[in-house]
Structures are given as structure tokens and as C-alpha cells.
Amino acid sequence: MRARQINWGFLTWVALVNTTVAATTQSSVDPAGPQAQHISQLWWVMLYLLTGVFILVMSLLSIGAFRRRSKAAETSGRNVIQTDSLRETKMARVVMGGVVVTTVILFALLVSSFIVGRTIYSTPKEPTVLTIDITGHQWWWDVRYENQVASQIVTTANEIHIPVGRQVVFKLNSADVIHSFWVPNLHGKTDLIPGHPAETWLKADRTGVYRGQCAEFCGHQHAHMAFEVVVESEEQFQAWYESQLKSAPAQLTSSQSRGLQLFLSKPCVMCHTIQGTDAGGKVGPDLTHLASRQTIAAGALQNNRTNLSRWILNSQDVKPGNHMPPIPLNSEELNFVLDYLESLK
Amino acid sequence: MALLPVALTVTSCKREERNFNTPPPNVSEAQTNPSFKNPLEENAYSLSEGKRLFSQYNCNGCHAQGGGGMGPALMDEKWIYGARPEQVFATIVEGRPNGMPSFRGRVQETQVWQLSAYVRSLSGHVPKDAASSRDDHMQGKPPESRTKEQPIKNTSPP
Ligand SMILES: [Cu+2]
């Protein structure tokens, strides 16, 4: 990890920034792919260079501020600035030198950031094997794996699985307002503009779970519009894909089937899809494999029974303003619905 | 004159409020009180939620953007099952003969009130400052905020 290579003695605050950022699974300075690698290199170059410039400027400034005036000026008591043509030329040279160095540094940074931008947003080099359609909604992510065969299309939400070491193309669109797709460990940001599909690609060098976040303010619950990218081995990815292709289980216990009946007769059916049942709503996330996901409500809560019941009874408590209304269910009904949702592996 | 800003603030507050968790108007009170007013009709957020749900629940599948198709037009002056907020509410919940399905239990109550408010805004029966002034899709008619209040004509089913 780059974090370990830092000279901790250099500046304490550099170290502090670095440890706090790298400790989470969402960090631009802990790159897990070639594009994030470029971004993070550029970031470190800028940080070290500009820290050097800052220290230099501050030292010069303090020298200027604390240096006394010449003896003559002080004893004469008059506030005259003495000029000395020899010193003036020397000073002019220093200023000129400063201007030149500043220009050169800024230009070098401009060129390197331009090159990095070109490299990471270039068209993909390898032939595309995996294309994922992402649609941003207020305030969750619809995820669809493209396939020519309709029965091989996987639809899920807020959790994206990709195989390690493979280039993956993302087609980005929005259903309402502008959002932005950002997985700091893997890539920079790409905006999702309604009616104007954008395309980007990324590649992960090592397995792990990386958190992504909407990076364009999009309303009340913008901060709770996260997702997870699960980078796994080719075999694990294939196994996951196979399991996501299956419809919801048809063999249900009696409480699970009561839960399904409730789901179909309550408002849930208007908004959610569960493949293999009559529920085909498109307003909210696809729930066919809800139980296989780590989080619910776009990373707002861990996926467990307590949080699910909290969410269903009053999601407005968890994410005020989100587009799922509070659904009145008595405790018996709630238990049936939860039993059913937990069967959606 | 000094009261004008105060009055403006009070009225505009109602228009601007975003209550995510207020209980819906009471249905039985709405149906028994002849001067009942749906408070959501004065609120811009509720009207725009109604507008969003109108297409998300596919009401526009049959009623288009108010112009009608398989179902009757909603932007004209003709009302078959009543124009009052609680009557529109009942039409959505109970369904009507000749194709209007019942959404009883399927649509959460606050949302039915939001839809009822939006439906009435299509023929100009809500305050203009709260009604929606733009569409998310191509605009096919003047927005609800510029819709003149249509007279109400009660007609019998076709
Ligand atoms: Cu956002």
C-alpha cells in the first residue's frame, strides 16, 4: 500500500490525512486499479511539491516580516525607505526568478494533470466483454449486466460485482437529476446526466470491497446514495452471476408464502420487482436477490432483520424524503414479510 | 401593509413545506364534511410527488398526460365520478367500471391524496402558485401552473 511508503517524519499532518483516509474502504490514495493509481500518483506529486512551495513562501515571508530595518533608518527616526541600487537589482532578480519558477511549476502540473486525465478517461483498450448499465435514481443505483440473451441479464441494485483484472465498461444514465458515479479506489468521477448516456470503464487489480458514492449533489438523500463494488476472482464472479440469474425461490415455508402474499397485496408490488412472482414494479430497487446484498437503501443500513423492519415500517426515519413511503403493517404481517425477504438469497 | 410580508410568509410556507411523514387527511372526515379541502393541494412538494407517481404508477398508460387514451381525459371539464378531492380519492381506491382498476391497499394513502391533488391540478383546481410549472418529459400542453380553472360538468359514463 502506498500509505506505508510515506516518510512519516516529513509533516505530521500529511501522515494524519493519510492514515484517516486509507483506513476506510473508500480512498483515492489507496488505489486498487490502474486509473486510481494514476490519480493517486498525481495527488502525491502535487501534495509534496506544493507543500515544498508553501514552506518556502512562508519562510521568505517570515524573514521579511521579522527582519529589522537598517541602523541608519532607525537612528534618524525618519520613516524613509533607503534605496540602494545594487540591492534593488538583486531583489528584482529574486522576484523574476520566483515568477519563472512558479510558471514552470504550474505549467508542469497542468501538463501532468492533462496527461493523467487523458490516460484514465481514454477509450478502453481491450475488447469489451462485460458491460454494466448503471441508472442513478434519487437515491439509489439500478444495476443491469448487459447480455444479448434476455434470460442472461442480471438486474440488481446498489452492489456491483466485477471480476479482478478484467476491463469492465459502464454505461451511465440517470432517471431523474444529475448524479455522479465515483469509486475512489478504482477511478475518478463520471457524471450521470438524464437523457445523455455516458460511458466509462475501469479495471481492478486486486480483490476487495470498495465503497462508491454519488458525487454530485442530487437532493435530500445525496449523502445516503452509496454503493459497493465487490471485486472477486473470476470463479467467484461466475458463481455469483449464476446465482443472480435465478428467479426467486418457489419452495416456500408457510410463513414465507404468507409474506409473499402480503408483498403482492400491499403497496410493495407497485414499486418493486421480484423475478418469478407477479411483482414487477420499477420505482424501487429489484429485490429478487435482496438477501445476498450486504447493505440496504444504498449503503444506509447493514442488511439484517432489525434494519429491514426499521426500513419497511418507516423508511422516512432512516432516509427522510426517500421515495419509499412508510407502510403500516402489524407485527405479525411484518414478520411474514421479513421471513419472505430473507429467503431471497 | 405591514401585515403583507407576514401573510406572504405564512402562505408561502405552506406551499414550500416538505413533510415526509405527516399522516394523510382522514378519509371518513373527508367524505362526511362537505367543505373538506385536501391540504396537500396547497403544497408544491405534494403536487409534484403526485405528478411523479402518476407516471411511475403508469396512470399515464391509460390517461396519457391528462389528455386521455384508453381512459377518459383528466384535463377537461367533464367528470364522471365527481371532481371533489375525496371523490377522486375514492375513484382511485375503489376503481370504476369499464376498466379503471382498484388500487385499494396497493397505493399508500398519502400517495393517493397526492395523486388526487395532481389530477385536480390538471384542470386547474389547485392554487396556481403550488401547481407544477414544468414536465420532466416533452411538454405537450401548458403546465398546470398556467392551466385555467375549468368549470365542472358532471356527466354520465359513456
Ligand atoms: Cu447525489
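Placed above this text is the structure.
**Q** Can you help me understand the nonpolar core in this one?
**A** For soluble globular proteins, nonpolar side chains are generally found buried alongside one another. Within the largest apolar cluster, 52 residues are counted, with the highest numbers of intra-cluster contacts made by Ile-274, Ile-312 and Leu-341 of chain A together with Tyr-57 and Leu-115 of chain B. Mapped onto this core, the elements with two or more residues apiece are helix H6 (254–265), helix H7 (268–271), helix H8 (305–313) and helix H10 (331–342) of chain A together with helix H3 (44–56), helix H5 (85–94) and helix H6 (109–121) of chain B. The element best represented in this core is H10 of chain A, accounting for six residues. When sequence neighbours within four positions are dropped, the list of residues in contact with Ile-274 of chain A reads Ala-248, Phe-263, Ala-279, Leu-287, Thr-288, Tyr-340 and Leu-344 of chain A. Of all hydrophobic cores here, the second largest spans 32 residues; its members include Ala-32, Leu-172, Ala-204 and Val-231 of chain A.

**Q** Just checking my understanding: could you explain the sheet that holds strand E7 (residues 190–192) of chain A for this structure?
**A** Within a beta sheet, neighbouring strands are joined by backbone hydrogen bonds and run either parallel or antiparallel to one another. All names here are of chain A. If you trace the five strands from one edge of the open sheet to the other, you get E4-E10-E9-E6-E7, paired in mixed fashion. Each of the sheet's edge strands pairs with one partner strand only, and the pair in question is strand E4 (159–163) and E7. Across the sheet, the axes of successive neighbouring strands diverge by a mean angle of 25 degrees, strand direction being ignored. Of the pairings in the sheet, the one linking strand E9 (residues 208–214) to strand E10 (residues 226–232) comprises six bridges and is antiparallel in character. Paired with Gly-212 across the two strands is Phe-227, which belongs to E10.

**Q** Help me understand the interface of chain A and chain B in this model?
**A** Where interface size is given, it is often the accessible area lost as the parts come together that is meant. Contacts between the two partners involve 16 residues from chain A, matched on the other side by 14 residues from chain B. Around 1300 Å² of area is buried between chain A and chain B when both sides are counted, 58% of it from carbon and sulfur atoms. Of all residues in chain A, Met-270, Val-283 and His-323 of chain A bury the most surface against chain B, accounting for 39% of the area lost on that side. Taken together, the connections running from chain A to chain B amount to zero salt bridges.

**Q** Hey, could you run me through the coordination of the copper ion in this one?
**A** Six octahedrally arranged donors around a metal ideally form angles of 90 or 180 degrees; four tetrahedrally arranged donors ideally form angles of 109.5 degrees. Residues and elements named next belong to chain A. At the metal site, the copper ion is ligated by Cys-214 (SG), Glu-216 (O), Cys-218 (SG) and His-222 (ND1), and these contacts range over 2.0 to 2.6 Å. Here the copper ion binds four donor atoms, and the angle range of 89 to 129 degrees at the metal identifies the geometry as tetrahedral. Overall, the relative accessible area of 16% leaves His-222 in the buried class.

Cut-off values and rules
Residues numbered from 1 in each chain as written. Chains lettered and ligands numbered in written order. Predicted model: local features only at pLDDT ≥ 70, side-chain atom pairs only at ≥ 80, totals over all residues. Heavy atoms only, no water. Core = buried A, V, L, I, M, F, W, Y, C linked by side-chain atoms within 4.5 Å. Buried < 20%, exposed > 50% of the residue type's maximum accessible area, 1.4 Å probe, protein only. Helix = DSSP H or I, 4+ residues; strand = E, 2+ residues; numbered from the N terminus. Contact = heavy atoms within 4.5 Å. Pairing = 2+ DSSP bridges. Axes fitted to C-alpha atoms, helices over the stretch in contact; angles between N-to-C directions. Buried area = accessible area lost by both parts, 1.4 Å probe. Salt bridge = Lys/Arg side-chain N within 4 Å of Asp/Glu carboxyl O. Donors = N, O, S within 2.8 Å, 3.2 Å for Na, K, Ca; no water. Tetrahedral: all angles 85-135°; square planar, octahedral: opposite > 155°, others 65-115°.

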